[in-house]
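A look at the structure
Letter by letter, the chains look like this.
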Amino acid sequence: MPMWFVTVLGPVPPAEKTQWMDLATEVLAYRVTYQVTDTVVALGPETGEIPGRWDWHDDLAERPSAGSRAI
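Remember, it's a predicted structure, so these values are computed and weren't measured experimentally.

The next subject is the packing of helix α2 (residues 20-33) against helix α3 (residues 53-62). For any two helices packed against each other, the geometry comes down to the angle between their axes and how far apart the axes lie. At a minimum axis distance of 11 Å, the contact between α2 and α3 shows a crossing angle of 150 degrees. One element, α2, and the other, α3, form an angle in the roughly antiparallel class. Read as a crossing pair, α2 and α3 show a hand that is left-handed. For the pair formed by α2 and α3, the contact residues are L23, E26, V27, A29, Y30 and T33 on the first element and R53, W54, W56, H57, D59 and L60 on the second.

Residues M3, V40 and V41 make up a contiguous nonpolar surface patch of about 260 Å² in total accessible area. With respect to the helices and strands, V41 occurs in the loop between α2 and α3. Judged by relative accessible area, V41 falls into the partly exposed class, the value being 36%.

Within α3, burial applies to R53, H57 and L60. Along the axis of α3, the buried residues cluster in a sector spanning 70 degrees; they form a single face. Exposed residues lying more than 90 degrees from the buried face of α3 are D55 and E62. Packed against the buried residues of α3 are α2.

One finds F5, L9, V27, Y30 and L60 to be the most contacted residues of the largest nonpolar core, which totals 14 residues. Elements supplying a minimum of two residues to this core: α1 (3-9) and α2. Counting residues per element, this core draws most heavily on α2, which supplies 5 residues.

Let us now look at unusual backbone geometry. Peptide bonds are, in most cases, trans, and in most cases residues other than glycine have a negative phi. One non-glycine residue, Q35, adopts positive backbone phi at about 50 degrees. Positionally, Q35 belongs in the loop between α2 and α3. Accessibility expressed as a relative area gives 66% for Q35, which makes it exposed.

Moving on to the side chain of R31. Position of R31 relative to the elements: it lies in helix α2. When residues no more than four places from it in sequence are discounted, the contact partners of R31 are W4, V36, T37, D38, V41 and A42.

So, how was this worked out
Residues numbered from 1 in each chain as written. Predicted model: local features only at pLDDT ≥ 70, side-chain atom pairs only at ≥ 80, totals over all residues. Heavy atoms only, no water. Axes fitted to C-alpha atoms, helices over the stretch in contact; angles between N-to-C directions. Helix = DSSP H or I, 4+ residues; strand = E, 2+ residues; numbered from the N terminus. Parallel < 35°, antiparallel > 145°, perpendicular 65-115°, else oblique. Left-handed = near helix turned anticlockwise from the far one by under 90°. Contact = heavy atoms within 4.5 Å. Patch = residues over 30% accessible without salt bridge, like charges linked within 9 Å, V, L, I, M, F, W, Y side chains within 5 Å. Areas by Shrake-Rupley, 256 points an atom, 1.4 Å probe, with all protein chains shown as cover. Salt bridge = Lys/Arg side-chain N within 4 Å of Asp/Glu carboxyl O. Buried < 20%, exposed > 50% of the residue type's maximum accessible area, 1.4 Å probe, protein only. Arc of directions from axis to C-beta. Core = buried A, V, L, I, M, F, W, Y, C linked by side-chain atoms within 4.5 Å.

Encoded structure:
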């Protein structure tokens with residue numbers, strides 16, 4: 001798994017019921033949509049002025065992840 005994925009989401013889904021899969025899927029969709037290639041930071045650098053991007057970015061950044069680490 002990529003470093004950014006494991007750091008934010010952990011190597012595997014948690015045993016307890018969580019929104020892990022939804023968050024993982026949405027982070028992957030964000031990275032593909034905005035062509036994020038950063039190998040460390042899940043949402044990449046804070047650059048650009050694309051309508052709606054920062055709303056999505058902020059929504060993902062505020063959601064809890066594995067170990068309460070920031071995305």
